[in-house]
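Take a look at the letters that make up each chain.
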Amino acid sequence: MENLLVTGGCGFMGSDFIRYLLTESDFNGRVINLDTLTYAGNPENLNGMDERFSDRYFFVKADICDPKALDRVFEEFSIDSVCHFAAETHVDRSIMGPSAFIRTNIEGTFNLLESVRSRLDKISLFHHISTDEVYGSLGEKGYFTEDTPYNPSSPYSASKAASDHLVSAYNRTYHLPITISNCSNNYGPYQFPEKLIPLMILNAIEGKPLPVYGTGKNIRDWIYVKDHSRAVWAIMKKGEKGGKYHIGGKYEMRNIDVVEMICDLLDSIKVKKDSAPRRNLITFVEDRKGHDFRYAMDFTKLENELGWTPAESFETGLKKTIDWYLNHNDWVQRVKSGEYRNWIKTHYGG
Ligand code: NAD
Ligand code: TYD
């Protein structure tokens, strides 16, 4: 892997992965970050990387739904490996308007696979980033294993399931050298404030209502984003070709407990102006349609085969994340005001 194409590298998890590759891992090739910069893509997430790694980091603004642009990038940078993060990722948006999810997550993945198929002799790996949501919902007990049948509930998870199937099919049919990882809920710095944890942190800082869907008893397994980046790189380096690996945080929490923890941590760091506890801001709102009750990952395979295990506990990871949002008010304000979009327009047009 000398010329690695990372798609969606200006998003939350893709930017963490690129930062990890360049600053902490043993990867010493070039990273080509291809991102079309949707509302979730923000080049500021990788501030300083192009100056610090001017001969190893390259950004190309392009859409994975544009096969010609993909071909140009594969040729120009002699791409020999791919790590595919680019996607539409927010479940609530997929419920309101599924079409972008079908386009990017299914057609976009198909286009990338075709670009790889047309130069199979040059490609050593296609790694596909996916989610635990492809399996649907668990009850109170049990875990998803790599053999659990797919049963997605939302347009988002159905589109990710379709993309996983395409990637597997290209492996079986065309012998594309692939690996797939399915991971639970990530949290950490630079996450767009529409997902549960950053939304609750920012609303709680500002004293705004904290909208908890339904009863708040739905359960998610949480993983710190750096742990995800480490796991993906381990799989890319040592994972079995054609193999699928689960990644998890081993930290299941009910949504209401996550929100209360955020309130209490923030109260201990920064007392609200009216000194009322932030838990008073919690507001139960209408439930999400088709809301999966529980996700939990069995990632024994990754632990046993590749020796990976999550390093961050939820308590320490959440504390770091809250500190990050408190200390990056400029980023927060530019994202919340939409100013980051003006910057993108000025620098990249459209
Ligand atoms: P994100 O929404 O923060 O970022 C997505 C990135 O993809 C953005 O930079 C966006 O501009 C880019 N993108 C979107 N459409 C594109 C297109 N057509 N062409 C090129 N780029 C495009 O997402 P994230 O939370 O960082 O998730 C990254 C990946 O991880 C996704 O594949 C997601 O399904 C998967 N995943 C996410 C989680 C999670 O908790 N966030 C958990 C498991 C798996
Ligand atoms: P989210 O961060 O959207 O991730 P996902 O749906 O991919 O798991 O949501 C995490 C959980 O939090 C999910 O059960 C829905 C719930 N939730 C709320 O209760 N309120 C909110 O405002 C949001 C965004 C999510």
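The rules behind these values
- Residues numbered from 1 in each chain as written.
- Chains lettered and ligands numbered in written order.
- Predicted model: local features only at pLDDT ≥ 70, side-chain atom pairs only at ≥ 80, totals over all residues.
- Heavy atoms only, no water.
- Phe/Tyr/Trp six-rings, centres within 6.5 Å; stacked < 30°, edge-to-face > 60°.
- Helix = DSSP H or I, 4+ residues; strand = E, 2+ residues; numbered from the N terminus.
- Buried < 20%, exposed > 50% of the residue type's maximum accessible area, 1.4 Å probe, protein only.
- Lys NZ or Arg CZ within 6 Å of the ring centre and 35° of its normal.
- Salt bridge = Lys/Arg side-chain N within 4 Å of Asp/Glu carboxyl O.
- Core = buried A, V, L, I, M, F, W, Y, C linked by side-chain atoms within 4.5 Å.
- Contact = heavy atoms within 4.5 Å.
- Polar contact = N/O pair within 3.5 Å; in protein donor to acceptor, adjacent residues only side chain to side chain.

Asks: Give a description of the packing of aromatic side chains that names residues and reports values.
Replies: Counted by the stated rule, this structure contains 23 aromatic pairs. The interplanar angle of 55° and the centroid separation of 4.5 Å between the aromatic rings of Y190 and W324 together place this pair among those described as tilted. Remark: W324 occurs in helix α11 (residues 314–327) and Y190 occurs in the loop between β7 (185–187) and α7 (196–206); sequence separation between them is 134 residues. Grouping residues by exposure puts Y190 and W324 together as buried. Centroid distance W343 to Y348: 6.2 Å. Interplanar angle 65°. Geometry classified as edge-to-face. Taking relative accessible area as the criterion, W343 reaches 40% and is therefore assigned partly exposed. On the basis of relative accessible area, Y348 is assigned to the partly exposed category, the value being 34%. An aromatic cluster of at least three residues, connected via ring pairs, comprises Y187, W222, Y224, Y251 and F314. Over the aromatic face of Y174 sits the side chain of R117, whose NZ or CZ is 4.3 Å from the ring centroid.

Asks: Tell me what's going on with the pattern of salt bridges, and back it up with residues and numbers.
Replies: Enumeration over the complete set of coordinates arrives at 22 salt bridges. One salt bridge in this structure joins D26 and K237, with 2.7 Å as the shortest N-O distance. Residue D26 is found in the loop between α1 (12–23) and β2 (30–35), and its partner K237 is found in helix α8 (residues 225–238); the two are separated by 211 residues along the sequence. Look at D26 and you get partly exposed, because its relative accessible area is 49%. The residue K319 makes a salt bridge to D323 at a minimum N-O spacing of 3.2 Å. Remark: D323 and K319 occur in helix α11; sequence separation between them is four residues, near one turn of the helix. Look at D323 and you get partly exposed, because its relative accessible area is 26%. Here the residues in one salt-bridge network are D71, E75 and R119, joined through shared partners.

Asks: Outline the nonpolar core, supporting the account with residue identities and numerical values.
Replies: One finds F17, C83 and I247 to be the most contacted residues of the largest nonpolar core, which totals 38 residues. At the level of elements, β1 (3–7), α1, β5 (125–131), α8, β10 (243–247) and α10 (300–306) are the ones that each hand at least two residues to this core. F17 has contacts with L4, V6, C83, F85, S229, V232, W233 and M236, leaving out every residue within four places of it along the chain.

Asks: Give a description of the side chain of H291 that names residues and reports values.
Replies: Turning to its location among the elements, H291 is positioned in the loop between β12 (282–285) and α10. The exposure class assigned to H291 is buried, which follows from its relative accessible area of 16%. Here N218 takes part through its side chain, which lies 3.4 Å from a polar atom of the side chain of H291. For H291, the residues in contact, after removing those within four places along its chain, are Y213, N218, R220 and N255.

Asks: Run through unusual backbone geometry, naming residues and quoting values.
Replies: At L37, a residue that is not glycine, the phi angle is positive and equals roughly 60°. One can find L37 in the loop between β2 and α2 (49–52). Overall, the relative accessible area of 4% leaves L37 in the buried class. Look at S78: it is not a glycine, yet its phi comes out positive at around 45°. With respect to the helices, strands and loops of the structure, S78 is situated in the loop between α3 (67–76) and β4 (81–84). The class for S78 is partly exposed, based on a relative accessible area of 47%.

Geometry only, nothing functional implied.
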